[in-house]
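Residue-level structure breakdown
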Amino acid sequence: MKYLLSLIKIQELEGGTYNIDTILKVIKQITDWAIVVGLSLSGVALVISFIMYAVVDVDQKQRVKQRIIQTFFGIIGILLAISFVNIIIRLFT
């Protein structure tokens, strides 16, 4: 238990000038980039799906509708995952 507590108190990494705050900043920048890219690609997928929904025949409309719903769930998943990472980062800063 004492060893575990000493691991949590790390202030500077060995062999460099990087500290925990710089690593947390990098993770924060990566998550911000991931949310921008993920939401952009999801938006493109939604536009394509809505175009497909307007063009396809009646037999395939249900399948395209399912794809649109899955894309919305993917967007929600991206937002929740990135938000969870940001909450964890805020706990350590």
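Residues numbered from 1 in each chain as written. Predicted model: local features only at pLDDT ≥ 70, side-chain atom pairs only at ≥ 80, totals over all residues. Heavy atoms only, no water.

Considering the environment of Leu 39
- Tracing the sequence through the fold places Leu 39 in helix H2 (residues 20-55).
- Judged by relative accessible area, Leu 39 falls into the partly exposed class, the value being 34%.
- Leu 39 has contacts with Ile 75 and Leu 79, leaving out every residue within four places of it along the chain. (Helix = DSSP H or I, 4+ residues; strand = E, 2+ residues; numbered from the N terminus. Buried < 20%, exposed > 50% of the residue type's maximum accessible area, 1.4 Å probe, protein only. Contact = heavy atoms within 4.5 Å.)

What about H2?
- The end-to-end C-alpha separation of H2 is 52 Å, in line with the 52 Å expected for 36 residues at 1.5 Å each.
- Looking at the buried side of H2, the elements it contacts are helix H3 (61-92). (Expected span 1.5 Å × (residues − 1).)

With respect to the nonpolar core
- In this structure, Leu 46, Val 56, Val 64, Ile 68 and Ile 75 together form the largest nonpolar core, which totals 5 residues.
- At 3 residues, H3 tops the list of elements feeding residues into this core. (Core = buried A, V, L, I, M, F, W, Y, C linked by side-chain atoms within 4.5 Å.)

Observations regarding H3
- In this model H3 runs 47 Å from its N-terminal to its C-terminal C-alpha over 32 residues, within 8% of the 46 Å that 1.5 Å per residue would give.
- Taken as a whole, H3 has its buried residues at Val 64, Ile 68, Thr 71, Ile 75, Ile 82, Asn 86 and Ile 89.
- In the core, the buried residues of H3 are packed alongside H2.

Side note on the packing of H2 against H3
- For the pair H2 and H3, the least separation of the axes is 10 Å and the interaxial angle reads 170°. As the angle between them shows, H2 and H3 are arranged roughly antiparallel. (Axes fitted to C-alpha atoms, helices over the stretch in contact; angles between N-to-C directions. Parallel < 35°, antiparallel > 145°, perpendicular 65-115°, else oblique.)

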